[in-house]
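Reading the structure
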Amino acid sequence: MFYLVKSPWWLKKWYSGLVWDLPQRAGEKVLYLSFDDGPHPVATPFVLDELRRHGARGTFFCIGKNVQEHPLIYKRILEEGHRVGNHTQNHVNGWKVSDAVYLDNIVQAARYIDSDLFRPPYGRISAFQASLLRKSPFDYQVIMWDVLSADFDRDLHPDKCARNVIRHAGPGSIIVFHDSEKAYPRLQTALPEVLSHFGGRGYRFVSIRSGAPGLPAGT
């Protein structure tokens, strides 16, 4: 399985209209934890408990059908002060379907997920699809990431997932975990390690929201 733990500068430059990280003011130490593919009946409550224990806020990129199946968990995400984003209705790969099918799947998810943030499943989205989503009537900010924990990789030891983040994240990094069945065996070890490591070094964990540095006005 091939993936990049740290998003390279040339990829960020090539897709400069997408949000990869959020520039910080000098001396500010903020990280943006994000969680894809939920809500999940076990993984998401675990994440919420850990975030609350550390006084942290996160951003949950939710799948529409999972919100339908677990509305009370979705409600808890919002009630505890976190942000949500659209991750399509059925975890659709933008490279494998037509633009019309892809956009329709996002519209379906938007019935259940009220947000101006969107993250493409697998990170796979065409430049044309992204340009459409950033314009009216969608007006999404397409949120990618700076660091991938790789908790979805069943061959990876949980401690390695934590080290992926600890080694590569810094002020302004958007970090990806997954609150899913597949990732949970690694998530339950890696997330507490990351929270403890960076929390002990004076970092704050903030959700991606309106007014965040680096996001265009109006998001």
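Our subject is the structure that appears above.
Overview of the structure. (Residues numbered from 1 in each chain as written. Predicted model: local features only at pLDDT ≥ 70, side-chain atom pairs only at ≥ 80, totals over all residues. Heavy atoms only, no water.)

**Points about the pattern of salt bridges**
Inspection of the entire model under this criterion finds 13 salt bridges. A salt bridge links R204 to E28, with the shortest nitrogen-to-oxygen separation between them at 3.1 Å. Of this pair, R204 sits in strand β8 (residues 204-205) while E28 sits in the loop between α1 (9-14) and β1 (30-36); the two residues are 176 residues apart in sequence, bridging distant segments of the chain. The buried category is assigned to E28, whose relative accessible area is 17%. One salt-bridge network, held together by shared partners, links K6, K12, D21 and D146. (Salt bridge = Lys/Arg side-chain N within 4 Å of Asp/Glu carboxyl O. Helix = DSSP H or I, 4+ residues; strand = E, 2+ residues; numbered from the N terminus. Buried < 20%, exposed > 50% of the residue type's maximum accessible area, 1.4 Å probe, protein only.)

**Structural notes on helix α5 (residues 99-110)**
In a regular helix each residue adds 1.5 Å, so 12 residues correspond to 16 Å; α5 covers 17 Å between its end C-alpha atoms and thus fits that length. The set of residues buried in α5 consists of Y102, L103, N105, I106 and A109. Buried residues along α5 cover an arc of 155° about the axis, so they all sit on one side. Close packing links the buried residues of α5 with α3 (64-69), β3 (83-86), β4 (117-118) and α6 (127-133). (Expected span 1.5 Å × (residues − 1). Arc of directions from axis to C-beta. Contact = heavy atoms within 4.5 Å.)

**Observations regarding the packing of helix α2 (residues 43-53) against helix α4 (residues 71-79)**
One can describe the packing of α2 onto α4 by two numbers: an axis separation of 10 Å at closest approach and a directional angle of 15°. In terms of axis orientation, α2 runs roughly parallel to α4. The way α2 lies across α4 gives a crossing that is left-handed. Touching T44, P45, L48, D49 and R52 of α2 are I73, R76 and I77, all from α4. Its residues assigned to classes, the contact of α2 with α4 comprises four nonpolar, one polar and three charged. (Axes fitted to C-alpha atoms, helices over the stretch in contact; angles between N-to-C directions. Parallel < 35°, antiparallel > 145°, perpendicular 65-115°, else oblique. Left-handed = near helix turned anticlockwise from the far one by under 90°. Nonpolar A, V, L, I, M, F, W, Y, C, P; charged D, E, K, R; others polar.)

**Some details on the packing of helix α7 (residues 158-168) against helix α8 (residues 184-199)**
Helices that pack against each other are described as a pair by the angle of their axes relative to one another and the distance between those axes. As a packed pair, α7 and α8 sit with axes 8 Å apart at the nearest point and diverge in direction by 35°. Here α7 runs over α8; the crossing is right-handed. Residues P158, D159, C161, A162, V165 and I166 of α7 lie in contact with α8, whose contacting residues are P185, R186, T189, A190, E193, V194, H197 and F198. For the contact of α7 with α8, the residue count by class is nine nonpolar, two polar and three charged.

**Here we look at the nonpolar core**
In terms of nonpolar packing, the biggest core is built from 49 residues, with L33, F177 and L191 touching the most fellow members. Taken together, the elements giving at least two residues each to this core come down to β1, α2, β2 (58-62), α4, β6 (147-148), α7, β7 (174-178) and α8. Counting 14 residues, the second-largest nonpolar core is a separate cluster that includes L18, W20, Y102 and V142. (Core = buried A, V, L, I, M, F, W, Y, C linked by side-chain atoms within 4.5 Å.)

**Thoughts on unusual backbone geometry**
The peptide bond linking G38 to P39 adopts the cis configuration, its omega dihedral lying at 0°. Counting through the fold element by element, P39 comes out in the loop between β1 and α2. That bond from S136 to P137 is cis: its omega, 10°, falls within 30 degrees of zero. By secondary structure assignment, the location of P137 is in the loop between α6 and β5 (141-142). Positive phi outside glycine occurs at T88, with the angle close to 75°.

**Describing α2**
Taking burial as the measure, the 11 residues of α2 include eight buried ones, the bulk of the element. Taken together, the buried positions of α2 are occupied by A43, T44, P45, F46, V47, L48, E50 and L51. Packing partners of the buried residues in α2 comprise β1, β2, α4 and α8. Downstream of α2 by a residue or two, G55 has a phi angle that is positive, lying close to 65°.

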